[in-house]
Amino acid sequence: RDWSSDVCMLASVGLLTQELLKNPIGIDGPAIKHLDLLDDKFPEFGELFILLCAFIEGWSIVNKWEPRSETRNLKRAARLRADVEAGDLGWDPLGWYPSDPTEQAIIKTKELQNGRLAMLGVAGIVAQELIDGKEILCHFQKVCA
């Protein structure tokens, strides 16, 4: 499973929704500049975000990887446990993930292809906003200053 695909799918949605919706703390402009502008309004955001990521990674290491006590004598780094599928967080609130392995393979392929398309989309949005400094939706008839 490719995490960069998932991240880019979320990023493409996030970049567009930041420009479509009114930001509750008053940050406006190109989405790629929002984190820079956030420092003035919420300076602790970076540290809290890193802490959240560290807790998620720590949970993953403790619950999904081989313990060091098992790998120390083998003289190798820990690996994902045999019963864990890479990238599976066990979160499917709508129950859409099929139980049939053939259907799972089809879904994984579709997700990977959509993720690759999202990577290109995010790269295009970021490049365009960096080039002209305007919100990406300004190029599609959104009224911009």
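Owing to the predicted nature of the structure, the values given are computational and were not obtained by experimental measurement.

## Brief notes about the overall build of the protein chain
1) Next: Each helix and strand in the protein chain was counted, giving 5 helices and 0 strands.
2) Next: Each helix and strand of the protein chain, ordered N terminal to C terminal, gives the series α-α-α-α-α.
3) Next: For 145 residues, the compact-globule formula gives about 15 Å, and the C-alpha radius of gyration of the protein chain, at 20 Å, lies well above that figure.
4) Next: Its C-alpha atoms give the protein chain principal-axis dimensions of about 60 × 40 × 30 Å.
5) Next: In the protein chain, buried positions account for 21% of the 145 residues.
6) Next: Pairs at least 24 apart in sequence give 49% of the contacts found in the protein chain among residues at least 6 apart.
7) Next: Carbon and sulfur atoms make up 64% of the accessible area of the protein chain, which totals about 11,000 Å².
8) Next: Here the protein chain contributes 16 positively and 22 negatively charged side chains, and the mean placements of these two sets differ by 6 Å.

## Focus: the side chain of His34
1) Next: Residue placement: His34 occurs in helix α2 (residues 34-41).
2) Next: Residue class for His34 comes out buried when judged on its relative accessible area of 6%.
3) Next: Polar contacts involving the side chain of His34 include one to the main-chain carbonyl oxygen of Gly29, which spans 3.0 Å.
4) Next: Excluding its chain neighbours within four sequence positions, the residues that come into contact with His34 are Gln18, Asn23, Ile27, Asp28 and Gly29.

## A few points about the packing of aromatic side chains
1) Next: According to the stated counting rule, one finds 2 aromatic pairs in the structure shown.
2) Next: For the pair Phe42 and Phe45, a centre-to-centre distance of 6.0 Å together with 55° between the ring planes defines the contact as tilted.
3) Next: For Phe42, a relative accessible area of 32% gives the class partly exposed.
4) Next: For the ring pair Phe45 and Phe49, a centre distance of 5.9 Å and an interplane angle of 20° mean the geometry is stacked. Here Phe45 and its partner Phe49 are both found in helix α3 (residues 45-64), 4 residues apart, which amounts to about one turn of the helix.
5) Next: Among the aromatic residues, those joined into a ring-pair cluster are Phe42, Phe45 and Phe49.

## Considering the state of the cysteines
1) Next: Within this structure, the stated rule accounts for 0 disulfides.
2) Next: The cysteine Cys8 is free of any disulfide, with Cys53 supplying the nearest cysteine sulfur at 15 Å.

## Here we look at the pattern of salt bridges
1) Next: Tallied over the entire structure, the rule returns 3 salt bridges.
2) Next: Here Asp83 makes a salt bridge to Arg81, at a shortest N to O gap of 3.1 Å.
3) Next: For Asp83, a relative accessible area of 59% corresponds to the exposed category.
4) Next: Notably, a salt bridge pairs Lys108 with Glu85, separated by 2.2 Å at the nearest N-O pair. On the criterion of sequence distance, the pair formed by Lys108 in helix α5 (residues 101-132) and Glu85 in the loop between α4 (68-71) and α5 is long-range, its members being 23 residues apart.
5) Next: On the basis of relative accessibility, which here comes to 35%, the residue Glu85 falls in the partly exposed class.

## Things to note about unusual backbone geometry
1) Next: Its identity as a non-glycine residue notwithstanding, Lys75 has a phi of 55°, on the positive side.
2) Next: The residue Lys75 is located in the loop between α4 and α5 in this model.

## Quick notes on a nonpolar patch on the surface
1) Next: Nonpolar side chains collect at one region of the surface, where Phe42, Leu48, Leu51 and Phe55 lie side by side and expose about 400 Å² of accessible area between them.
2) Next: In this structure, Leu48 sits in helix α3.
3) Next: With relative accessibility at 47%, the residue Leu48 sits in the partly exposed group.

## Some points on α5
1) Next: Between its first and last C-alpha, α5 extends 47 Å over 32 residues, near the 46 Å set by a 1.5 Å rise per residue.
2) Next: For α5, the full list of buried residues reads Gln104, Gly115, Ala118, Val122, Ile125 and Glu129.
3) Next: Of the residues trailing α5, Gly133 is marked for its positive phi of about 70°.

Definitions and limits used
Residues numbered from 1 in each chain as written. Predicted model: local features only at pLDDT ≥ 70, side-chain atom pairs only at ≥ 80, totals over all residues. Heavy atoms only, no water. Helix = DSSP H or I, 4+ residues; strand = E, 2+ residues; numbered from the N terminus. Rg over C-alpha atoms; globule rule 2.2 N^0.38 Å. Buried < 20%, exposed > 50% of the residue type's maximum accessible area, 1.4 Å probe, protein only. Contact = heavy atoms within 4.5 Å. Areas by Shrake-Rupley, 256 points an atom, 1.4 Å probe, with all protein chains shown as cover. Lys, Arg positive; Asp, Glu negative; His and termini not counted. Charge placed at Lys NZ, Arg CZ, Asp CG, Glu CD. Polar contact = N/O pair within 3.5 Å; in protein donor to acceptor, adjacent residues only side chain to side chain. Phe/Tyr/Trp six-rings, centres within 6.5 Å; stacked < 30°, edge-to-face > 60°. Disulfide = S-S within 2.5 Å. Salt bridge = Lys/Arg side-chain N within 4 Å of Asp/Glu carboxyl O. Patch = residues over 30% accessible without salt bridge, like charges linked within 9 Å, V, L, I, M, F, W, Y side chains within 5 Å. Expected span 1.5 Å × (residues − 1).

In short, the description is geometric, and any link to function would need to be established separately.
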